[in-house]
Amino acid sequence: MESLEVKNLTHHFGFTEILHNINFTLKKGEVLSVVGPSGGGKTTLLHLCAGLLDVEEGSIQNSFKSTAFAFQEGRLLPWKNVIDNIAVGLLAKGEKKDEALKKSQKIALEFGLEEEDFTKYPKDLSGGMKQRVNFARALVTKPSLLFLDEPFSALDIGLKKELYAHLLDSCKENEMSILFITHDLMEAIRLSDKILLLKADPGHIVKTFEYDTPNDKREEIFIYEQSAKILQDKEIIDTFELNTLELI
Amino acid sequence: MKFLFKILKDFPAYLWSGWGAIASTLLFIALWDLGNQVYGNLVLPSPLETFKTLYIMLQDKDVWQQIDITLYRASVGFGLSLLFGSILGLIAGFFATASMMSRPIVTILVGMPPIAWIVLAMIWFGMGDETVIFTVVVASFPIIFVGALQGTRTLDGDLKEMAESFGFTWYMKFFDVYFPHIFSYIFPAWVSGLGMAWKIVIMAELLATSDGMGAELAIARSQLDTPTALALVTIMITSLMFIEYIVLEPIKREVELWRA
Ligand SMILES: Nc1ncnc2c1ncn2[C@@H]1O[C@H](COP(=O)(O)OP(=O)(O)OP(=O)(O)O)[C@@H](O)[C@H]1O
Ligand SMILES: [Mg+2]
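Owing to the predicted nature of the structure, the values given are computational and were not obtained by experimental measurement.

1. Concerning the overall build of chain B
Then, number 1: A count of helical and extended segments in chain B gives eleven helices and zero strands.
Then, number 2: What you see in chain B, going N to C, is helices and strands ordered as α-α-α-α-α-α-α-α-α-α-α.
Then, number 3: The principal-axis extents of the C-alpha atoms in chain B amount to approximately 70 × 50 × 30 Å.
Then, number 4: Looking at chain B as a whole, 41% of its 260 residues are labelled buried.
Then, number 5: The long-range fraction of contacts in chain B, counting pairs at least 24 apart against all pairs at least 6 apart in sequence, stands at 73%.

Have a look at this one:
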């Protein structure tokens with residue numbers, strides 16, 4: 001059984017402790033989200049899990065067959081157009097060129113990009129378009145574990161909804177697991193089986209929320225109810241310092 | 001191949017955009033003619049006279065031979081700079097120590113006036129091809145070296161990480177991640193290196209040889225033959241403009257479409 005196991009993970013940048021004693025397990029087919037304040041170490045945690053940073057203390061065991069990463073800041077190749085950017089992941093896996101391009105075009109359309117955008121370079125794309133290209137590049141490789149760093153942050157609600165559905169579909173189809181970061185609690189509730197709440201300075205997990213209803217069967221009302229509930233949660237209020245707002 | 005085709009396809013549009021350049025060239029010639037009317041034929045022969053002289057010169061086999069000699073020296077010097085400047089610059093860029101060590105050397109090479117090099121080269125190599133080629137190399141090598149070095153040093157670490165995360169092959173890393181970035185630095189350096197080589201070759205010939213276009217220029221000067229001097233200058237300028245605007249610029253445009 002494929003899984004990602006993080007045990008007693010602690011990480012420093014220089015002398016600053018960024019992550020402190022993180023523990024969790026991600027099983028096959030599971031969607032796990034990480035929420036927490038900005039600068040709390042979420043991206044760092046994701047990079048460690050994906051092997052982009054070296055683990056210093058503790059351990060990470062990743063037995064997933066393949067992974068793909070959608071970065072927070074896009075990281076598109078500036079000298080490649082939209083389709084060629086999406087295709088790089090497939091080409092790196094050894095896929096044939098025309099096959100890779102066909103798949104890339106298909107997913108680009110599904111991600112709401114238009115044919116006239118296909119030949120544009122990243123410099124001519126909007127922030128949300130770049131984000132979609134970055135996301136599509138990762139998803140199109142059909143990894144068994146997908147890392148997503150705030151993939152929806154620059155998108156409008158309509159696009160978000162479409163992409164949620166798309167993501168859940170391919171999740172089911174390929175039994176894909178997802179580890180993703182978001183600032184949107186409602187989004188986390190909509191998609192995840194488990195939510196890790198990461199408190200800052202240094203980043204540590206203060207609470208885990210679990211949702212048993214399968215994520216493709218969650219109705220709007222369920223999501224609103226749970227969102228209202230989670231916003232009352234003491235740990236959430238504490239971590240995001242929501243109470244100080246009320247005092248003002 | 002597809003790429004070459006695209007360059008050719010966009011070429012007419014590029015030429016069309018050259019109207020402005022043609023207009024300013026004609027304006028320049030008009031001013032030149034005005035200068036001739038003010039200062040007289042000895043100081044500044046009219047454009048017409050210059051072009052006539054040029055026309056007669058171009059009929060002469062000997063002139064072509066001189067042009068050949070100069071071209072040969074410039075291309076050997078520039079070719080050497082291109083080869084070694086690019087390769088050494090890349091190497092220096094990939095290793096932090098090498099780039100630190102090369103810094104003072106580059107500063108010396110860039111900072112030293114070419115005229116001083118010519119004097120040294122004349123002492124070392126005497127009068128002839130070697131002196132000229134040496135000076136050309138010394139002048140254009142550092143430009144290309146610095147271009148290659150900068151290109152390599154400024155590679156984006158985030159993109160490397162991205163390539164890593166998708167498991168790019170060695171081949172893809174080089175051609176899709178490193179090469180386009182480095183090329184966008186190295187290509188302009190080649191262009192300015194070439195311009196430099198062309199200027200220096202004339203200067204070195206003028207001072208250190210008895211053949212080539214520079215030497216012709218020296219002769220024209222000693223005989224106060226201003227039309228010939230100007231005709232020679234016209235040859236030098238048009239040939240450089242041809243290479244820059246007709247050959248290099250279209251390539252550069254295609255290669256750098258992605259640039260903001
Ligand atoms: N390469 C690095 N070197 C030094 N410090 C770093 C580095 N990367 C991140 N940090 C620091 O680590 C902390 C956590 O950064 P991280 O990017 O993980 O936050 P985040 O939770 O993803 O924030 P956001 O939600 O705003 O994206 C920050 O204080 C940041 O300054
Ligand atoms: Mg982040």
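There is more to say after this.
2. Some details on the packing of aromatic side chains
Then, number 1: Applying the stated criterion across every chain, the model contains 23 aromatic pairs over all chains.
Then, number 2: Through a chain of ring-to-ring contacts, three or more aromatic side chains come together here, namely Tyr-171, Phe-174, Phe-175, Phe-179, Phe-183, Phe-187 and Trp-190 of chain B.

3. Remarks on the coordination of the magnesium ion (ligand 2)
Then, number 1: Around the magnesium ion (ligand 2), the protein contributes the donor atoms Thr-43 of chain A (OG1) and Gln-72 of chain A (OE1), which lie 1.9 to 2.2 Å from the metal centre. With Thr-43 of chain A in helix 1 (residues 42-49) and Gln-72 of chain A in the loop between strand 5 (67-70) and helix 2 (82-92), this pair connects stretches of sequence that are 29 residues apart.

4. What to know about the domain arrangement of chain A
Residues and elements named next belong to chain A.
Then, number 1: For chain A, the assigned domains read domain 1 (3-66 + 143-247) and domain 2 (77-141).
Then, number 2: Its C-alpha centre places domain 1 at a distance of 25 Å from the equivalent point of domain 2.
Then, number 3: Taken together, the contact pairs 16 residues of domain 1 with eleven residues of domain 2.
Then, number 4: On the domain 1 side of the contact with domain 2, Pro-143, Leu-163 and His-166 bury the most area, a combined 40% of that side's loss.
Then, number 5: Where domain 1 packs against domain 2, one counts zero salt bridges.
Then, number 6: Inspection of the region where domain 1 meets domain 2 yields five residue pairs in polar contact (both at pLDDT 80 or more).
Then, number 7: Among the secondary structure elements, those contributing two or more residues to the side of domain 1 that touches domain 2 are strand 6 (145-149) and helix 5 (157-174).
Then, number 8: At six residues, the largest contribution of residues to the side of domain 1 that touches domain 2 is made by helix 5.
Then, number 9: Across the side of domain 1 that touches domain 2, the residue classes tally to eleven nonpolar, three polar and two charged.

5. Details of the interface of chain B and chain A
Then, number 1: Taken together, the contacts link 17 residues of chain B with 22 residues of chain A.
Then, number 2: Interface of chain B and chain A: buried area, both sides summed, is about 1800 Å²; carbon and sulfur atoms make up 71% of it.
Then, number 3: At the boundary of chain B with chain A, the tally comes to three salt bridges.
Then, number 4: Of the charged contacts in the structure, one is a salt bridge between Glu-161 of chain B and Arg-75 of chain A, with a shortest N-O distance of 2.8 Å.
Then, number 5: Taken together, the elements giving at least two residues each to the side of chain B that touches chain A come down to helix 8 (157-165) and helix 9 (170-208) of chain B.
Then, number 6: Along the lines of polarity and charge, the residues of the side of chain B that touches chain A split into ten nonpolar, three polar and four charged.

6. What about the pattern of salt bridges?
Residue and element names in this part refer to chain B.
Then, number 1: A complete count under the given rule lists 21 salt bridges over all chains for this structure.
Then, number 2: With a shortest N-O distance of 2.8 Å, Arg-73 and Glu-205 are connected by a salt bridge. Of the two residues, Arg-73 is situated in helix 4 (residues 61-94) and Glu-205 in helix 9; the sequence distance between them amounts to 132 residues. We note that Arg-73, like Glu-205, is buried.

7. Points about the sheet that holds strand 4 (residues 57-62) of chain A
Residues and elements named next belong to chain A.
Then, number 1: The strand order across the open sheet built from three strands is 2-1-4, with neighbouring strands paired in antiparallel fashion. Of all the strands in the sheet, the pair left with one neighbour each is strand 2 (16-27) and strand 4. Sheet twist, expressed as the average angle between the axes of neighbouring strands with direction ignored, equals 20°.

8. Quick look at the packing of helix 6 (residues 114-125) of chain B against helix 7 (residues 129-153) of chain B
All names here are of chain B.
Then, number 1: In contact at an axis separation of 9 Å, helix 6 and helix 7 are set at 145° when each is read in the N-to-C sense. Two packed elements cross with a definite hand, and for helix 6 against helix 7 that hand is right-handed. In contact with Pro-114, Trp-117, Ile-118, Ala-121, Met-122, Trp-124 and Phe-125 of helix 6, helix 7 contributes Glu-130, Thr-131, Phe-134, Thr-135 and Val-138.

Parameters at a glance
- Residues numbered from 1 in each chain as written.
- Chains lettered and ligands numbered in written order.
- Predicted model: local features only at pLDDT ≥ 70, side-chain atom pairs only at ≥ 80, totals over all residues.
- Heavy atoms only, no water.
- Helix = DSSP H or I, 4+ residues; strand = E, 2+ residues; numbered from the N terminus.
- Buried < 20%, exposed > 50% of the residue type's maximum accessible area, 1.4 Å probe, protein only.
- Contact = heavy atoms within 4.5 Å.
- Phe/Tyr/Trp six-rings, centres within 6.5 Å; stacked < 30°, edge-to-face > 60°.
- Donors = N, O, S within 2.8 Å, 3.2 Å for Na, K, Ca; no water.
- Domains from an automatic or database assignment.
- Buried area = accessible area lost by both parts, 1.4 Å probe.
- Salt bridge = Lys/Arg side-chain N within 4 Å of Asp/Glu carboxyl O.
- Polar contact = N/O pair within 3.5 Å; in protein donor to acceptor, adjacent residues only side chain to side chain.
- Nonpolar A, V, L, I, M, F, W, Y, C, P; charged D, E, K, R; others polar.
- Pairing = 2+ DSSP bridges.
- Axes fitted to C-alpha atoms, helices over the stretch in contact; angles between N-to-C directions.
- Left-handed = near helix turned anticlockwise from the far one by under 90°.

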